[in-house]
Every structure is written in C-alpha cells, then in structure tokens.
Amino acid sequence: MIRINLLPHREEARRTRRQQFYVLGGLMLVLGGVIALGVHTVNATRIDSQNSSNEFLKGEIAKLDKDIAEIKRLREQTQALLSRKQVIELLQSHRAETVHVFNELARQVPEGVYLRQLKQTGLQIHLTGYAQSNARVSTLMRNLDSSFVFTNPQLVKIEAKDVNKRRLSDFELNVSINRATSENADTPAAGQSAPAAGAKGKKS
C-alpha cells in the first residue's frame, strides 16, 4: 500500500492563499486611499471654487450697497432741493399776500380798537389788542368775517384791563386768510370794507 504525505502540499496551499489575501487586502487599502484622496481633492476643488464665488459675490454686493447708499443720498438731496423749490415757489406766488393782509386789516379795524401784536402761522393770524368795549371787538370780528381776505374769526379771550387809567377790553382772536381771494385783492369790493381806515394805530 502506497502512502502519500499531503501535509506539506496543504501547508503550501494555505500559505499561498494567505499571501494572496494579504496582497489583495493591501491593494484594497491602496485603492481605498486613492479613492479617498481623489474624493478629497474633488471636494477641496469645489470648496475653493465656491469660496471664490462667494468672495466675488461679496465684492459685488458691497459695490451694490455703496451704489444704493449713493442713490439714497442723491434722492435725499433731490427731495431737499424739491422742497426748497416748492417753498420758494410758494413764497413767490404769495409774495403780495402780506401787503393785502395789512391793507385789509387797516380797512377792517373799527374805531376804538387798537392792535398790539400780529402773528401769522401758515394761513392763520393771531391778533392781540385793546378795545374801548366788548362791542368794538364784536364789530371787528364781523368786519373780518365779511372781508374777502379773511375768514372764520374766532375769539380766544377777552378781559377787562386798566391801561393808562382807562378801562379797556384786552382781547385775543384768531382769523384765517382766504388765500383764494387775497392774492388778487388789489382793491376791496364795493361795500365790503368797514368804515374804519385810519382807526388802527390811533392811541389815546
């Protein structure tokens, strides 16, 4: 009977398979490293490209912000100039209004009424003065109400006061300017002005 010892052959086969496994494992590790390096390189390239794009966009946004700020400043300057232009045009269009107001006041202030102060705010005039009686103040308000330059007279206060040893009515009233007619009022309409020209400024 012939006996063959197969142990060395089997051991050699195992050693060969083990070497093949190690070689294959090493190749897989190398391949995995190459793949990981390739993926990292691609991602790094994409990140750098995106960062460059972001920096470009930031620069463009900064330029746009500067342009927007400049446009806003120019708009504010334009608005300020337009406002000044409107004020100048308004003053130009109503330049004769003050003359008409004073002329009409001189016509409408009745005898026995003495104006001390006149203050205009927009279209409203605040008058203060003395009158010989409350009836004189009522006459003044009626005259102003019937005037083509003034409208809506309103009494603020009236009280008795001793002035130079005389008992007078100290009054304050507001009246509005009728701008629609005051600018064209070179002469009063017939029968509209009260007969009191020259009464203003006459003091006792």
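Being a predicted model, the structure only gives us computed values, none of them experimental.

(A) A look at the pairing of strand β4 (residues 166-177). As judged from the eight bridges shared by strand β2 (residues 124-131) and β4, these two strands associate in the antiparallel manner. Paired with Ala131 across the bridge in β4 is Ser169. With eleven bridges connecting them, strand β3 (residues 150-163) and β4 associate as antiparallel partners. Across the sheet, Leu155 pairs through a bridge with Leu173, a residue of β4. Linkage of β3 to β4, two consecutive antiparallel strands, is achieved through a turn of two residues, within which Asn164 is found at a positive phi near 50 degrees.

(B) Just unusual backbone geometry, in detail. Here the phi dihedral of Asn152 falls at roughly 55 degrees; this positive angle occurs in a residue that is not glycine. Tracing the backbone through its elements, the reader meets Asn152 in strand β3. The residue Lys165 is not glycine, and still its phi comes out positive at about 65 degrees. Of note, Lys165 is situated in the loop between β3 and β4. Take Lys165: its relative accessible area is 87%, and that puts it in the exposed class.

(C) Summary view of the pattern of salt bridges. Within the structure shown, the criterion is met by eight salt bridges. Glu60 is the salt-bridge partner of Lys63, the closest N and O atoms lying 3.8 Å from each other. Residue Lys63 and its partner Glu60 are located together in helix α1 (residues 7-93), separated by three residues, close to a single helical turn. For Glu60, a relative accessible area of 29% translates into the label partly exposed. Put simply, Lys157 and Glu172 hold a salt bridge, and the shortest N to O gap is 3.8 Å. Residue Lys157 is found in strand β3, and its partner Glu172 is found in strand β4; the two are separated by 15 residues along the sequence.

Reading guide: rules and limits
Residues numbered from 1 in each chain as written. Predicted model: local features only at pLDDT ≥ 70, side-chain atom pairs only at ≥ 80, totals over all residues. Heavy atoms only, no water. Pairing = 2+ DSSP bridges. Helix = DSSP H or I, 4+ residues; strand = E, 2+ residues; numbered from the N terminus. Buried < 20%, exposed > 50% of the residue type's maximum accessible area, 1.4 Å probe, protein only. Salt bridge = Lys/Arg side-chain N within 4 Å of Asp/Glu carboxyl O.

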